[in-house]
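Residue-level structure breakdown
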Amino acid sequence: MTIEEKQKIACFLDLAWDTLHSGYKGKQKEYDFTEKETAASSHFIQQCDSLEQIYKEIGACKNCQLSLKRKNTVPGEGVNNPLVMVIGEAPGADEDVQGRPFVGKAGQLLDKMLGSINLTRQTNCYIANIVKCRPPQNRDPHPEERSACIHFLHRQILLHKPKFILLVGSIAAQSLLNTKMPISKIRGKISEYKIGDLIIPLISTFHPAYLLHNEDQKRPVWEDLKLLRSRIEEFLNEKNE
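For the structure given in this document, a descriptive report is provided here. Computed from a prediction, not measured in an experiment: that's the story for all the values here. (Residues numbered from 1 in each chain as written. Predicted model: local features only at pLDDT ≥ 70, side-chain atom pairs only at ≥ 80, totals over all residues. Heavy atoms only, no water.)

Some words on the packing of aromatic side chains
Under the defined criterion, the tally for this structure stands at 2 aromatic pairs. The interplanar angle of 25 degrees and the centroid separation of 5.2 Å between the aromatic rings of Phe206 and Tyr210 together place this pair among those described as stacked. Since its relative accessible area comes to 8%, Phe206 is described here as buried. (Phe/Tyr/Trp six-rings, centres within 6.5 Å; stacked < 30°, edge-to-face > 60°. Buried < 20%, exposed > 50% of the residue type's maximum accessible area, 1.4 Å probe, protein only.)

Take a look at the structure:
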């Protein structure tokens, strides 16, 4: 099956599901980001031998309007089989130019956040986003854009098999946890994310771009990071026993 055929099937599955369950209304709809997309992702991963194949598909993707004005797709960056997979919402201007995730001011802060608990994208992390192209003016990605793109992320998770997931920002948390709750209500606790045969401990916190303008929220983020680090230490100790 060709890349183009896979993309057409993904679009068809999205359209068919929404038509059957809510009817076509000709306007923006909310989506369920769990059963539908994870089922499609599990199907596609059986035909995907490597992350390079996913990157190739991302580079050729035209499943939504974000592809029209992008300079570069931003598939992800980091190590294979990471200790922690960090997931944000979408690339910004710097990321669009460089084709790399979290390389602007927010990315520099993210690197410092990770470094504070002995994590780096060079040694034990993989960093990605819900959508792989920059939304205009850095707006939030629309539900249909997230739905068109989420199967790439699901397949990355299934292939990488991270030991933990760190979600930064409301869009990432709402998309993976299938909730409309704000990040302020989600953060501060460990959840379990189930995909395929994997059950992955997950924690959500504020996006570093938000922290650049709301420094008073750095303390809650530090508490979230310490919680994640404590669970990582437990995991590493159990592994070494």
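Some words on unusual backbone geometry
Across residues other than glycine, the phi torsion is negative in most instances, and most of the peptide bonds are trans. At Asn81, a position not held by glycine, the phi torsion is positive, near 50 degrees. Here Asn81 shows up in the loop between strand 1 (77-78) and strand 2 (84-88). Of note, Phe102 is a non-glycine position whose phi angle comes to about 55 degrees, a positive value. Counting through the fold element by element, Phe102 comes out in the loop between helix 4 (93-98) and helix 5 (105-115). (Helix = DSSP H or I, 4+ residues; strand = E, 2+ residues; numbered from the N terminus.)

What about empty space enclosed by the protein?
The tally for this structure, following the rule as stated, stands at 1 cavity of 30 Å³ or more. Looking at the largest cavity, it is lined by 15 residues, and the ones nearest its centre are Cys61, Cys64, Arg70, Cys133 and Cys149. A per-element tally of the lining of the largest cavity places helix 6 (residues 143-160) first, with 4 residues. When the residues that make up the lining of the largest cavity are grouped by side-chain class, the tally is 9 nonpolar, 3 polar and 3 charged. (1 Å grid on protein atoms, 1.4 Å probe; cavity = no way out; pocket = protein on both sides within 12 Å on 5 of 7 lines; lining within 4 Å. Points joined across faces, edges and corners; volume = space filled by probe spheres on them. Nonpolar A, V, L, I, M, F, W, Y, C, P; charged D, E, K, R; others polar.)

What to know about the layout of surface pockets
For the largest pocket, the calculated volume is near 450 Å³. Along the wall of the largest pocket there are 22 residues; nearest its centre are Ala90, Gly92, Asn138, His207 and Ala209. Elements with a contribution of two residues or more to the lining of the largest pocket: helix 4, helix 5 and helix 7 (170-177).

Considerations on the environment of Glu77
Along the chain, the position of Glu77 falls in strand 1. Take Glu77: its relative accessible area is 19%, and that puts it in the buried class. Separated by 44 residues in sequence, Glu77 and Arg121 have C-alpha atoms that sit 7.2 Å apart. The residues contacting Glu77, other than those within four sequence positions of it, are Arg100, Pro101, Arg121, Cys125, Tyr126 and Ile127. A polar atom in the side chain of Glu77 sits 3.0 Å from the side chain of Arg121. (Contact = heavy atoms within 4.5 Å. Polar contact = N/O pair within 3.5 Å; in protein donor to acceptor, adjacent residues only side chain to side chain.)

Looking at helix 6
With 18 residues, helix 6 ought to run about 26 Å at 1.5 Å a step, and its terminal C-alpha atoms sit 25 Å apart, in line with that. Approximately 40 degrees is the largest bend angle found in helix 6, and it occurs at Cys149. Within helix 6, 16 of the 18 residues are buried, which leaves it mostly tucked inside the rest of the structure. In the stretch just after helix 6, Lys161 is the one whose phi turns positive, near 50 degrees. (Expected span 1.5 Å × (residues − 1). Bend = angle between axes of the 7 residues up to and from the residue.)

Things to note about the pairing of strand 2
Most of strand 2 is tucked away: 5 of the 5 residues are buried. Note that strand 2 and strand 3 (residues 125-129) share 5 bridges and pair parallel. Bridge assignment links Gly88 to a residue of strand 3, and that residue is Asn129. Here strand 2 pairs with strand 4 (residues 164-168) via 4 bridges, running parallel. (Pairing = 2+ DSSP bridges.)

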